[in-house]
Amino acid sequence: MSVLEIRDLHVTVETDEGTTPILNGVTLTIRTGETHAIMGPNGSGKSTLAYTIAGHPKYTVTQGSITFDGEDVLAMTVDERARAGLFLAMQYPVEIPGVTVTNFLRTAKTAIDGEAPSIRTWTKDVKSAMKNLRMDSKFAARNVNEGFSGGEKKRHEILQLELLKPRIAVLDETDSGLDVDALKIVSEGVNRAKEETGLGVLLITHYTRILKYIKPDHVHVLVNGRVAEEGGPELADRLESEGYDRFLEPVADAD
Ligand code: ADP
Ligand code: MG
Ligand code: MG
């Protein structure tokens, strides 16, 4: 079992107005085999948490810690974090002009494993993962995310998940913009990784819809850069019916 521990995490970002605090003391523990949903209104800091775990240089940790099996994640480069088994599926996957899906995946796999995968098994693995995700084989020759539809971008993120076999995956709104069929396919991919490798999942979502397919063990509500409430799956059901209103600033009565 592996453990990702986030303790009292404070994160700022530099904006035109100066240094802006975004996360104000987030504490979370995610073990392999567990699925945690992070829910919350827009702008509450969900993507900031995801990027900070992955090591995006734009975000500065001013207090607190992130450790993975006791190792200081914040002292690791982005590559070292990936090699340690941390994976981020981005909310807005970026285009990589001139790099095909095939080459991208093979380079990533080689970097993570420390050696190139054998051609024969790798080709077979890529084919079967693409088939699982109902991706046309022509996809492999296209440049990463260039001209991909929203759903294709999300499937490509899960394709990486299937092939790179991380221990803990942060999925940042992998459900947004997906129709029901694509949502099911993507969820099946995540559930396969959970079953086959005991993946730990930090599932960031604004909506409860994906939680019908990927069942969370724990639900955390992030509001204003803090965990405002935690619970089991029943908390997600409550958010579904009540929304986030009760977590937001009370509005004065208009009477
Ligand atoms: P969420 O993913 O929950 O919608 P984000 O983490 O994307 O929230 O954003 C939280 C807050 O931090 C927002 O007010 C957003 O505008 C601000 N923020 C996040 N990243 C940046 C950035 N790179 N530059 C400036 N502001 C940012
Ligand atoms: Mg958002
Ligand atoms: Mg976000």
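Note that the coordinates shown come from a computational prediction; the quantities given were computed from them, not determined experimentally.

Undergrad: How would you explain the overall build of the protein if you had to name every residue and give the values?
TA: Across its full length, the protein holds seven helices and twelve strands. Along the first, second and third principal axes, the C-alpha atoms of the protein reach 70 × 40 × 40 Å. Of all 255 residues assigned to the protein, the portion counted as buried reaches 35%. Here the contacts in the protein between residues at least 6 apart in sequence split such that 73% fall between residues at least 24 apart.

Undergrad: Let's hear about the sheet that holds strand β3 (residues 35-39): which residues, and what values?
TA: The six strands lie next to each other as β6-β9-β10-β3-β11-β12, forming an open sheet whose pairing is mixed. Lying at the two open borders of the sheet, with one neighbouring strand each, are β6 (86-89) and β12 (226-231). Taking each pair of neighbouring strands and ignoring which way they run, the sheet shows an average axis angle of 20 degrees. Pairing of strand β9 (residues 168-172) with strand β10 (residues 200-205), which is carried by five bridges, proceeds in the parallel orientation. Within β10, the residue paired with D172 across the bridge is I204.

Undergrad: Outline the UniProt feature "domain: ABC transporter" (unreviewed entry) in the protein, listing residues and values.
TA: In the numbering used here, UniProt assigns the feature "domain: ABC transporter" (unreviewed entry) to residues 4-249. Structurally, residues 4-249 is divided into 35% helix and 31% strand, and its ends, taken at the C-alpha atoms, are 31 Å apart.

Undergrad: Break down helix α3 (residues 101-113) for me, with residues and values.
TA: Since the α-helix turns once every 3.6 residues, residues separated by three or four places project in the same direction. Compared with an ideal rise of 1.5 Å per residue, which puts 13 residues at 18 Å, α3 spans 18 Å between its outermost C-alpha atoms and is within 8% of the ideal. Directly beyond the C-terminal end of α3, a positive phi value near 80 degrees is found at G114.

Undergrad: Please set out the site of ligand 1 residue by residue, giving values where relevant.
TA: The environment of ligand 1 is made up of V13, T15, I22, G40, N42, G43, S44, G45, K46, S47, T48 and K58. Breaking the shell around ligand 1 down by element, the ones donating at least two residues are β1 (3-15) and α1 (46-54). Among the elements that make up the shell around ligand 1, the one with the highest residue count is α1 (three residues). Of the residues belonging to the shell around ligand 1, the class tally is two nonpolar, eight polar and two charged.

Undergrad: Tell me about the sheet that holds strand β4 (residues 59-68), residues and numbers included.
TA: Pairing between the strands of a sheet comes from backbone hydrogen bonds, and it takes one of two forms, parallel or antiparallel. Across the sheet, four strands lie side by side as β2-β1-β4-β5; this open sheet has antiparallel pairing. Looking at the sheet topology across the chains shown, the edges are occupied by β2 (18-31) and β5 (71-72). Here two bridges tie β4 to β5, and the two strands are oriented antiparallel to one another. Note on β5: the bridge partner recorded for F68 is E71. Running over the sheet, α1 touches β1, β2 and β4 and is turned about 65 degrees from β4.

How each quantity is defined
- Residues numbered from 1 in each chain as written.
- Chains lettered and ligands numbered in written order.
- Predicted model: local features only at pLDDT ≥ 70, side-chain atom pairs only at ≥ 80, totals over all residues.
- Helix = DSSP H or I, 4+ residues; strand = E, 2+ residues; numbered from the N terminus.
- Buried ≥ 20, exposed ≤ 12 C-beta atoms within 10 Å, placed from the backbone.
- Contact = placed C-beta atoms within 7 Å.
- Pairing = 2+ DSSP bridges.
- Axes fitted to C-alpha atoms, helices over the stretch in contact; angles between N-to-C directions.
- UniProt positions renumbered as here; feature names shortened; annotations may be inferred.
- Expected span 1.5 Å × (residues − 1).
- Near = placed C-beta within 6 Å.
- Nonpolar A, V, L, I, M, F, W, Y, C, P; charged D, E, K, R; others polar.

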